Amino acid sequence: MIRTQVAIIGAGPSGLLLSQLLHRNGIDSVVLERRSRDYVEGRIRAGLLERGTVELLEAAGVGERLNREGLVHDGVELAFSGRIHRVDLKALCGHAMTVYGQTEITKDLGDARVAAGGTVLYEVDDVTVNGIDSARPRIAFSSLGIRDEVECDFVVGCDGFHGVTRRSVPAATITTHERVYPFAWLGVLADVPPVADELIYANHSRGFALCSMRSRTRSRYYLQCTPADRVEDWSDERFWDELRSRLPEAHAIRMQTGPSIEKSIAPLRSFVAEPMRFGRLFLVGDAAHIVPPTGAKGLNLAAADVRVLYQGLIEFYRGRGDRLLDEYSSRALARVWKATRFSWWFTTLMHRFSDEPFAHKLQLAELEYLAESPAASRAFAENYVGLDFT
Ligand code: RFL
Ligand code: PHB
């Protein structure tokens, strides 16, 4: 039997970040993770951080490499009708975005947890959550075939969309909202210099494309594909040809190609579970909500949940009561719904939904309006860089 203050399920970015922030504030936690450390750190996912996420990583003591290697972007490009419109994020709302891979964040946090002597148990199976309505909940799990238990004050579900914690609450106490989009993203990672200095989101009659990056020598590109597509259907050559065809001429001719080092297909969905607290169990990040990746809000929302929760836990353990913990669900959800709206809107604006020219014409009209109207540009920029914390 292991005893701790906070038991965290899942060692993705939200679980590790929470554990590290609690540690820096004198609160003990244990993290239980189903996969190996190498697997968690090798998963190619998010790459674009809001300033609030950067600040929180700094507060967790892992800002050093991030500040050295992260690429700061003051603007973002929207491509449509063969033209390129740059949104000057910095000029419109005073903030920039930082490119730094989720792989690097989990590595930095994993190292910090080891350096601090923290307990992160990888490759655990059959996690079950019990007693969330009691003062001492218990988590049972198996490690190397041996059954064990963690007893704690609070349980935090940081175990992603397919995790166990959300499914362990009584169905009558949880409401879920879901929208599945009729397309997916095909992502490719390649060691070629990015086509441009900033990100390019492209609306094209053949479908959406996104040019992102991980460094000055490593590109991350995405294409809208069908949910039925398989990675085997997409040779590198087909991918590069299709990407080139969806970019404006000025970028297409400059694009460098090379062998892919990772290729994957991800479905797109919006999902929100309400509330995000059940007795002594809190849901955080993808365990509670999913957004489509257009706009890069997923990891940033997970970090925003952690920000609210760790402050509540600090207040509780310093003997200042549970007001902040009681407000966790409503405060987190207020931001979640705004990011859900923005991600849905940006997805709807940029993707090809049907053959119907009317829908595409409306998208182009809205993009033109965005390019012409400082008010519309500002509304976009404010949401893209992340709304202020209230
Ligand atoms: P994670 O990262 O899914 O981590 C959950 C962890 O829990 C473990 N787990 C369990 N452990 C124990 N017992 C169980 N029964 C368990 N079940 C699961 C899992 O193994 C895993 O280690 O959730 P977390 O920490 O909430 O983090 C969320 C982010 O990973 C996610 O929101 C982002 O990656 C989304 N996302 C993006 N977000 C951004 O902010 N900016 C981006 O640029 C961005 N790009 C993306 C993305 C997601 C993508 N995909 C593949 C969905 C691009 C893509 C393509
Ligand atoms: C990424 O770099 O993986 C990325 C960037 C921006 C997005 C989504 C993903 O909107």
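None of the values given here were measured: they were computed from a predicted structure.

**Student:** I tried to follow the site of ligand 2 on my own but got confused; where do I start?
**Tutor:** Near ligand 2 there are 13 residues, and of these Tyr201, Ser212, Arg214, Tyr222 and Pro293 occur at the shortest range. A distance of 2.7 Å is found between an oxygen atom of ligand 2 and a side-chain nitrogen or oxygen belonging to tyrosine 201. One of the side-chain N or O atoms of arginine 214 is found 2.8 Å from an oxygen atom in ligand 2. When ligand 2 is considered free in solution it has 280 Å² of accessible area, and contact with the protein chains removes 97% of it. Of all elements in the fold, only strand E16 (209-213) and strand E17 (219-225) reach the threshold of two or more residues within the shell around ligand 2. Split into classes, the residues belonging to the shell around ligand 2 amount to 8 nonpolar, 2 polar and 3 charged. Of the residues that make up the shell around ligand 2, three or more belong to each of domain 1 (2-71 + 98-177 + 269-347) and domain 2 (181-268 + 355-385).

**Student:** Where do I start with the sheet that holds strand E18 (residues 260-274) in this structure?
**Tutor:** In a beta sheet, neighbouring strands are held together by backbone hydrogen bonds and run either parallel or antiparallel to one another. Taken together, 8 strands build an open sheet; the order of strands is E7-E6-E15-E16-E17-E14-E18-E21 and the sheet is mixed. The open sheet is flanked by strand E7 (83-88) and strand E21 (289-290), the only strands paired with a single partner. One ladder, built from 5 bridges, connects E16 with E17; its direction is antiparallel. What sits directly across from cysteine 211, in E17, is tyrosine 221. Lying on the sheet, helix H7 (residues 236-246) is in contact with strand E14 (175-190), strand E15 (200-202), E16, E17 and E18; it crosses E17 at an angle near 80°. Relative to the sheet, helix H12 (residues 374-384) contacts strand E6 (75-80), E7 and E15, its axis offset from that of E7 by approximately 65°.

**Student:** Help me understand the sheet that holds strand E5 (residues 71-73) in this model?
**Tutor:** Judged by pairing direction, the sheet is antiparallel, and its 3 strands sit side by side in the order E4-E8-E5 without closing on themselves. At either margin of the open sheet sits one strand with a lone partner, and together these are strand E4 (48-49) and E5. Bridge analysis of E5 against strand E8 (residues 97-99) gives 3 bridges, and the strand direction is antiparallel. Its bridge partner lying in E8, valine 72 is registered against threonine 98.

Calculation notes
Residues numbered from 1 in each chain as written. Chains lettered and ligands numbered in written order. Predicted model: local features only at pLDDT ≥ 70, side-chain atom pairs only at ≥ 80, totals over all residues. Heavy atoms only, no water. Near = heavy atom within 4 Å. Polar contact = N/O pair within 3.5 Å; in protein donor to acceptor, adjacent residues only side chain to side chain. Areas by Shrake-Rupley, 256 points an atom, 1.4 Å probe, with all protein chains shown as cover. Helix = DSSP H or I, 4+ residues; strand = E, 2+ residues; numbered from the N terminus. Nonpolar A, V, L, I, M, F, W, Y, C, P; charged D, E, K, R; others polar. Domains from an automatic or database assignment. Pairing = 2+ DSSP bridges. Contact = heavy atoms within 4.5 Å. Axes fitted to C-alpha atoms, helices over the stretch in contact; angles between N-to-C directions.

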